[in-house]
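Fold and contact review
Spelled out from the first residue to the last, the chains are:
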Amino acid sequence: MNKNDLVTAVAAAAGLSKADAAKAVDGVFQAITDALKGGDEVRLVGFGTFAVSARAASEGRNPRTGEKIKIPASKQPKFKAGKGLKDGVQ
């Protein structure tokens, strides 16, 4: 399923036009992104939790040359599925 498929499914489930459903989907994505940028977690009970994980700087190797390279520290988004989602896909 891609974003267009998701918009179509939301429009059908909520009885909205595709344009309104697209605005709603974009709004949800933007709200989650803004919360993560602000350092907050987004907990959707029964679905899962979005959070930001800090990755420390590390040293890796270029697989082609074997040369050592430095991998800078970064922040990575992560998602942990909730019980309702886990049970729903089984």
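Residues numbered from 1 in each chain as written. Predicted model: local features only at pLDDT ≥ 70, side-chain atom pairs only at ≥ 80, totals over all residues. Heavy atoms only, no water.

Moving on to the overall build of the protein chain. Tallying secondary structure elements over the protein chain gives 3 helices and 5 strands in all. When the elements of the protein chain are put in sequence order from the N terminus, they spell out α-α-β-β-β-β-β-α. Whereas a compact globule of 90 residues would reach a radius of gyration of roughly 12 Å, the protein chain reaches 18 Å, over 25% beyond that. Referenced to the eigenvectors of the C-alpha coordinate spread, the extents of the protein chain come out at roughly 55 × 30 × 25 Å. (Helix = DSSP H or I, 4+ residues; strand = E, 2+ residues; numbered from the N terminus. Rg over C-alpha atoms; globule rule 2.2 N^0.38 Å.)

A few words now on the pattern of salt bridges. Under the counting rule described, the total for this entry stands at 4 salt bridges. Between E41 and R43 there is a salt bridge, with its nearest N and O atoms 2.7 Å apart. Residue E41 is classed as partly exposed on the basis of its relative accessible area, which comes to 44%. Overall, the relative accessible area of 61% leaves R43 in the exposed class. (Salt bridge = Lys/Arg side-chain N within 4 Å of Asp/Glu carboxyl O. Buried < 20%, exposed > 50% of the residue type's maximum accessible area, 1.4 Å probe, protein only.)

Remember, this is a structural readout, not a statement about activity or role.
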